[in-house]
Amino acid sequence: MKKKKNSNTKKKRMISIIAAATTLVVVAVVAVVAWKINDFLSEPLSNMDVSENINEVIDEPITGQFNVLLLGCDKSEERTDTIMLINVDKTNKSIRMISIPRDTKVRFNNYNDKINASVPLGGIELMIKNVKALTGAPIHYYVMVSPGALAQVVDALGGVEYNVERDMKYSDPYQDLYIDLKAGPQILNGDQAEQYCRYRSYVMGDLTRTEHQQKFLKALIEQKLKLEYIDRIPDVFNAVKANIQTNVTLRTVLGNLRVLEMLSEGVEIELIEVPGEFNDMEKEHISYYLIEGKAKDELLSICEEKFMGSGESIVGDSALDSDSSTTDTVSDKISNDEKRWQLSFK
């Protein structure tokens, strides 16, 4: 009888040990899977490397709305043809866009140059700092796209209905850019959409181009960023992941699916004109767009009202400096390699 009791005790003890070990294994497996899922969800939606220092200039998103800095690169994939700040307000169901002209005058290391030189001079971090210095607005996410990315998105979504304002004809072999569009309503495929957004042979040059870029992006959002196209998200992601750099993660996308629902229900999209004026090109021998003085104050006020701005320039250690006492440009003074070494943030 005693032997049987001891035997049962041993069996129970063995079962307890096995159960405990099994539980530990299951917990360990779940922990590893959870860690892997978290790691996967936290990875940026991009094949391009994201700078380790990006979190130093990016702001923490808040509940209800966020700002995205959209950058479009030229063929060199350094200078930016498009610099657009976008506010998405989920609470008030609105989207606002404002573009900063690529020729906007800023200061780098005591020399004048254009804001589109920010990336080759100091990486995406310097571009973000300079945009924040101009606007006083926080930047929660950024997306920098290489040539061809817009075309891939538009093709993956089946084209965009659009009324092209005028015939557009232009060629630039160096940029591998060939534009040939006819005026009138049509469905633009990816290549045509990119031609339209890169065309700049207007009387007002880059100002008109940025206005048209905003109009096209508005049409793209209104037509395609809806729940009915949610099944195409993997196609869009696979098409562009090699041609974008971003801090947006899959977790960010999944956490903002409400935006697609909001767009499907109808949303106000406001296109905002940036204040400023062109410089005297004959005097300075180079084209600049000037956001200074009253124009700078007006831009700060606009961004305070519509882009969660502080109403003050967020300078920090930005290299942006409004001093225009010299007409020398960085490009005139130092080579690209020297720029990177001589750059100093103020």
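Refer to the structure above for everything that follows.
Keep in mind that this is a model prediction, so the values were computed, not measured.

1. Describing the side chain of Arg-96
Inference 1: Locating Arg-96 in the fold gives a position in strand 3 (residues 94-99).
Inference 2: Among the polar contacts made by the side chain of Arg-96, one reaches the main-chain carbonyl oxygen of Lys-306 at a distance of 3.2 Å.
Inference 3: With residues near it in sequence (within four places) discarded, Arg-96 still touches Leu-85, Ile-86, Asn-87, Asp-89, Glu-270, Ile-272, Lys-306 and Phe-307.

2. Regarding the sheet that holds strand 12 (residues 268-272)
Inference 1: Strand order in this open sheet of six strands is 11-6-1-2-3-12, and the pairing throughout is mixed. With partners counted over all chains shown, the strands left at the sheet margins are strand 11 (244-246) and strand 12, one partner each. In this sheet, neighbouring strand axes are inclined to one another by 15° on average, regardless of whether the strands run parallel or antiparallel.
Inference 2: Sheet strands in contact with helix 5 (residues 206-224) are strand 1 (65-73), strand 2 (80-89), strand 3 and strand 12, and its direction is about 160° off that of strand 3.

3. Here's the deal with unusual backbone geometry
Inference 1: We note that Lys-93 has phi near 50°; this positive angle belongs to a residue other than glycine.
Inference 2: For Lys-93, the location among the structural elements is in the loop between strand 2 and strand 3.
Inference 3: The phi dihedral of His-285 is positive, around 60°, even though this residue is not glycine.
Inference 4: Tracing the backbone through its elements, the reader meets His-285 in the loop between helix 9 (281-284) and strand 14 (289-290).

4. Notes on helix 5
Inference 1: Compared with an ideal rise of 1.5 Å per residue, which puts 19 residues at 27 Å, helix 5 spans 26 Å between its outermost C-alpha atoms and is within 8% of the ideal.
Inference 2: Buried residues dominate helix 5, accounting for 14 of its 19 residues.

5. Re the environment of Asn-256
Inference 1: Relative to the helices and strands, Asn-256 is located in the loop between helix 7 (250-255) and helix 8 (257-265).
Inference 2: With near-sequence residues (within four places) excluded, Asn-256 lies in contact with Phe-66 and Lys-90.

6. Things to note about helix 3 (residues 149-156)
Inference 1: Within the span of helix 3, buried status applies to Ala-149, Ala-151, Val-153, Val-154 and Ala-156.
Inference 2: Once helix 3 finishes, Gly-158 follows within two positions and takes phi at roughly 85°, a positive value.

7. Some points on the packing of helix 3 against helix 4 (residues 190-198)
Inference 1: Here helix 3 crosses helix 4 at 135°, and the two axes come no closer than 7 Å. Here helix 4 runs oblique to helix 3, going by the angle between their axes. Note on packing geometry: the crossing formed by helix 3 with helix 4 is right-handed. Mapping the contact onto sequence places Ala-149, Leu-150, Ala-151, Val-154 and Asp-155 in helix 3 and Gly-190, Asp-191, Ala-193, Glu-194 and Cys-197 in helix 4.
Inference 2: A per-class count over the contact of helix 3 with helix 4 returns six nonpolar, one polar and three charged.

Conventions we followed
Residues numbered from 1 in each chain as written. Predicted model: local features only at pLDDT ≥ 70, side-chain atom pairs only at ≥ 80, totals over all residues. Heavy atoms only, no water. Helix = DSSP H or I, 4+ residues; strand = E, 2+ residues; numbered from the N terminus. Polar contact = N/O pair within 3.5 Å; in protein donor to acceptor, adjacent residues only side chain to side chain. Contact = heavy atoms within 4.5 Å. Pairing = 2+ DSSP bridges. Axes fitted to C-alpha atoms, helices over the stretch in contact; angles between N-to-C directions. Expected span 1.5 Å × (residues − 1). Buried < 20%, exposed > 50% of the residue type's maximum accessible area, 1.4 Å probe, protein only. Parallel < 35°, antiparallel > 145°, perpendicular 65-115°, else oblique. Left-handed = near helix turned anticlockwise from the far one by under 90°. Nonpolar A, V, L, I, M, F, W, Y, C, P; charged D, E, K, R; others polar.

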